[in-house]
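This is what each chain is made of:
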Amino acid sequence: MSQSLHFVVSSSRSPNLTLPNHSYLKLSPPPSNLRFPVTFARRPISASSSDLDSNSPSKVLVSDNGKGGVLPATSPEYVPPPSDSSSIDVDAVTETDLKENGFRSTRRTKLVCTIGPATCGFEQLEALAVGGMNVARINMCHGTREWHRRVIERVRRLNEEKGFAVAIMMDTEGSEIHMGELGGAPSAKAEDGEIWTFSVRAFDSPRPERTINVNYDGFAEDVKVGDELLVDGGMVRFDVIEKIGPDVKCRCTDPGLLLPRANLTFWRDGSLVRERNAMLPTISSKDWLDIDFGIAEGVDFIAISFVKSAEVIKHLKSYIAARSRDSDIAVIAKIESIDSLKNLEEIIQASDGAMVARGDLGAQIPLEQVPSAQQRIVQQCRHLNKPVIVASQLLESMIEYPTPTRAEVADVSEAVRQRADALMLSGESAMGLFPEKALAVLRSVSVRIEKWWREEKRHEAMELPDTASSFSDSISEQICNSAAKMANNLAVDALFVYTKTGHMASLLSRCRPDCPIFAFTSTISVRRRLNLQWGLIPFRLSFSDDMESNLNRTFSLLKARGMIKSGDLVIAVSDMLQSIQVMNVP
Ligand SMILES: Nc1ncnc2c1ncn2[C@@H]1O[C@H](COP(=O)(O)OP(=O)(O)OP(=O)(O)O)[C@@H](O)[C@H]1O
Ligand SMILES: CC(=O)C(=O)O
Ligand SMILES: [K+]
Ligand SMILES: [Mg+2]
């Protein structure tokens, strides 16, 4: 087996680049008897294909580890690039941003919006897409499947008609304890000292006054007089004062608004009580029907609520693989329970990403422990190369008011500073009065903090542990780590990655380089999925195994659209050929 990585460098605009004629790149873990000669061939890249043939690096930009390799055009396995190779898909917002503000202005932190009554119309969805929504989240706790189907259909139409790549995330209800509907009312006010009845009985409508239905049959048996009952993690509090069969009488101690299907927890002597409800399945029978719905609708992500162990994630992934044609639905583990924190590493390892679901997490652990849990989850995800979303109450006051509090802005900044892949709006976009304004705040705070971070050059030289499980993966990882480092050191304008599965793109994103990462993929669903990951600007482009022609075609397509210009410095990597190239745009 021979392995070689050739670096092709155009010296036309890099006078400060002095490269040795010969050097060695060592890959980790080092193979017993292999070394990787690196050759720097100085040669201008030209857009004309005629002078590419004589010295085409694509013939040698090969890591022949069973995956790479360039097939001659005469090979029976050679697949010519599709005929629509003249087109490149990128959304209008990114295109305008690149044209008007340049590479450095692009936002690296991705934005997820929960869609609800305030944002389910086509125009409202379009306004969110224009405002920077990368992923639309639908929460199966609320609304009917028919309602969600219409939202999915509108987002897909938006993508098709307007060129967006908004991905869809379906969030399962999960089977923790929650209240029932409020008989159609949007909310109910509980006042201090009032006596309310929580019951497992199903009530006829109209619902008797100050009565709440609870979804968990063991509720009345599990609670004890003297327990404290928390609605939505403490937004409203009650003391349990009496049990009468299926009815539990409670006195309100912290007044507030009860919302339909709000989460319920009960506490005894300062600890969360987890009786038989700890045995509730993570994925309920209703969740399985919702998952079937999600698979049938071709959602991009399924987020699983109240994950307790890695097993449930593995189970779901094999279920999806058996049912979905391309099995390309990513599974996101929601970290919102004590058990998920205990089994954090193995859960994240088994998942395709994670969400710091601070709403319910803050109901299960003391509030003051949520920030450190967030930091730990974000770091763990980065180590394991999984995208991570920070969610809940980022801009809670904007449900009612058009400007955020300073404290909320500081919270958003902290998540951006931690370099989470994505931030999420919940009630702010689902049922708030100012969804677009809330999104604009996330957008502007993200861009500002990212810029500040780069200017200060404070970014941590984080030691990223190896994640690769095979030698080939190890090569990809080393290439991406090196390319990202080179990109920072050479202050290049952009990293380009040509990726079939998206893996190389996510490895680059994991390094959180200073410049944006243009990820070119031929698959529409991969493009949508990459939309969740930090710093990636996903393009749909059909490409071949010939990097030289890919690059030249990309350059001319992007130049024609005004997104790059001659002289821009670019580093390109590819997962077909496992190569790194440094060049100026011709
Ligand atoms: N599809 C919907 N239909 C009606 N209301 C919705 C819908 N989606 C969200 N909402 C409203 O927005 C609020 C915030 O949404 P969010 O998705 O954060 O839900 P949640 O009930 O807090 O549960 P979760 O813990 O799953 O996030 C909900 O409490 C609900 O009032
Ligand atoms: C998002 C979510 O489920 C939570 O914060 O609880
Ligand atoms: K949910
Ligand atoms: Mg939750």
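Residues numbered from 1 in each chain as written. Chains lettered and ligands numbered in written order. Predicted model: local features only at pLDDT ≥ 70, side-chain atom pairs only at ≥ 80, totals over all residues. Heavy atoms only, no water.

1. Some words on the site of ligand 2
Okay, so step 1: Around ligand 2, the structure places Arg137, Lys334, Glu336, Met355, Ala357, Arg358, Gly359, Asp360, Ser392 and Met424.
Okay, so step 2: A distance of 2.8 Å separates an oxygen atom of ligand 2 from a polar backbone atom of Gly359.
Okay, so step 3: A distance of 2.4 Å separates an oxygen atom of ligand 2 from a polar atom in the side chain of Ser392.
Okay, so step 4: Its free accessible area being 220 Å², ligand 2 has 90% of it covered by the protein chains.
Okay, so step 5: Among the elements that make up the shell around ligand 2, the one with the highest residue count is helix α10 (residues 358–364) (3 residues). (Near = heavy atom within 4 Å. Polar contact = N/O pair within 3.5 Å; in protein donor to acceptor, adjacent residues only side chain to side chain. Areas by Shrake-Rupley, 256 points an atom, 1.4 Å probe, with all protein chains shown as cover. Helix = DSSP H or I, 4+ residues; strand = E, 2+ residues; numbered from the N terminus.)

2. What about the coordination of the magnesium ion (ligand 4)?
Okay, so step 1: Taken together, the protein ligands of the magnesium ion (ligand 4) are Glu336 (OE) and Asp360 (OD), with distances of 2.0 to 2.1 Å.
Okay, so step 2: Separating the magnesium ion (ligand 4) and the potassium ion (ligand 3) is a distance of 5.2 Å. Placement of Glu336 in the loop between β18 (330–335) and α8 (338–342) and of Asp360 in helix α10 is noted, with a sequence separation of 24 residues between them.
Okay, so step 3: The class of Glu336 is buried, set by a relative accessible area of 2%. (Donors = N, O, S within 2.8 Å, 3.2 Å for Na, K, Ca; no water. Buried < 20%, exposed > 50% of the residue type's maximum accessible area, 1.4 Å probe, protein only.)

3. Regarding the coordination of the potassium ion (ligand 3)
Okay, so step 1: The coordination sphere of the potassium ion (ligand 3) contains the protein donors Asn139 (OD1), Asp171 (OD) and Thr172 (O), at a distance range of 2.7 to 3.0 Å.
Okay, so step 2: Site description for the potassium ion (ligand 3): donor spacing in sequence, N-x31-D-T.
Okay, so step 3: Using a relative accessible area of 1% as the deciding quantity, one classes Thr172 as buried.

4. Here's the deal with the packing of helix α4 (residues 145–162) against helix α6 (residues 285–297)
Okay, so step 1: Following both chains from N to C, one finds α4 and α6 inclined at 25°, their axes separated by 11 Å at the closest point. With respect to their mutual orientation, α4 and α6 come out roughly parallel. Relative to α6, α4 is oriented so that their crossing is right-handed. Contacts between α4 and α6 involve Arg145, His148, Arg149, Ile152 and Arg156 from the first element and Lys286, Leu289, Asp290, Phe293 and Glu297 from the second.
Okay, so step 2: A class-by-class count of the residues in the contact of α4 with α6 yields 3 nonpolar, 1 polar and 6 charged. (Axes fitted to C-alpha atoms, helices over the stretch in contact; angles between N-to-C directions. Parallel < 35°, antiparallel > 145°, perpendicular 65-115°, else oblique. Left-handed = near helix turned anticlockwise from the far one by under 90°. Contact = heavy atoms within 4.5 Å. Nonpolar A, V, L, I, M, F, W, Y, C, P; charged D, E, K, R; others polar.)

5. Some points on the packing of helix α12 (residues 406–417) against helix α14 (residues 435–456)
Okay, so step 1: Close contact between α12 and α14 brings their axes to 9 Å; oriented N to C, the two are set at 50°. One element, α12, and the other, α14, form an angle in the oblique class. Crossing hand, α12 versus α14: right-handed. Along the contact surface, α12 presents Val409, Val412, Ser413, Val416 and Arg417, while α14 presents Leu442, Val445, Ser446, Ile449, Glu450, Trp452 and Trp453.
Okay, so step 2: Within the contact of α12 with α14, the residues separate by chemical class into 8 nonpolar, 2 polar and 2 charged.

6. Comments concerning unusual backbone geometry
Okay, so step 1: At Gln393, a residue that is not glycine, the phi angle is positive and equals roughly 60°.
Okay, so step 2: Position of Gln393 among the secondary structure elements: in the loop between β20 (388–391) and α12.
Okay, so step 3: Gln393 sits in the partly exposed class, given a relative accessible area of 42%.
Okay, so step 4: One non-glycine residue, Ala491, lies in positive phi territory at about 50°.
Okay, so step 5: Residue position: Ala491 is located in the loop between α15 (471–489) and β22 (494–498).

7. Concerning the sheet that holds strand β15 (residues 264–268)
Through backbone hydrogen bonds, the strands of a sheet pair up, either in parallel or in antiparallel fashion.
Okay, so step 1: Read from one edge to the other, the open sheet built from 7 strands follows the order β10-β9-β13-β12-β11-β15-β16, with strand pairing classed as mixed. Edge strands, defined here as strands with exactly one partner in the open sheet, are β10 (211–213) and β16 (271–272).
Okay, so step 2: Inspection of the sheet shows strand β9 (residues 195–199) paired to β10 by 3 bridges, in the parallel sense. Bridged to Phe198 within β10 is Ile212. (Pairing = 2+ DSSP bridges.)

8. Some details on the UniProt feature "domain: Pyruvate kinase C-terminal" (unreviewed entry) in the protein
Okay, so step 1: Residues given the UniProt feature "domain: Pyruvate kinase C-terminal" (unreviewed entry) here are residues 477–576.
Okay, so step 2: The annotated region residues 477–576 carries 42% helix and 22% strand content, and the separation between its end C-alpha atoms amounts to 13 Å. (UniProt positions renumbered as here; feature names shortened; annotations may be inferred.)

9. Overview of the pairing of strand β17 (residues 301–304)
Okay, so step 1: Side chains Phe301 and Ala303 of β17 all project onto a buried face; the interleaved residues Ile302 and Ile304 project onto the opposite face, where all are buried too.
Okay, so step 2: Relative to β17, strand β7 (residues 167–171) is paired through 3 bridges, and the arrangement is parallel. Across the sheet, Asp171 pairs through a bridge with Ala303, a residue of β17.
Okay, so step 3: Examined bridge by bridge, β17 and β18 share 4 bridges and lie parallel to one another. Bridge pairing links Phe301 to Ala330 in β18.

10. So, the sheet that holds β17
Okay, so step 1: Strand order around the closed barrel formed by 8 strands is β5-β6-β7-β17-β18-β19-β20-β21, with parallel pairing between neighbours. Averaged over all adjacent pairs, the angle separating strand axes in this sheet is 25°, with direction ignored.
Okay, so step 2: As judged from the 5 bridges shared by strand β6 (residues 135–139) and β7, these two strands associate in the parallel manner. Pairing of Arg137 across the sheet is with Met169, part of β7.
Okay, so step 3: Across the sheet, helix α7 (residues 310–323) lies against β17 and β18, angled at about 160° from β18, the strand it touches most.
Okay, so step 4: Lying over the sheet, α14 contacts β5 (110–114) and β21 (422–425), oriented at roughly 160° with respect to β21.

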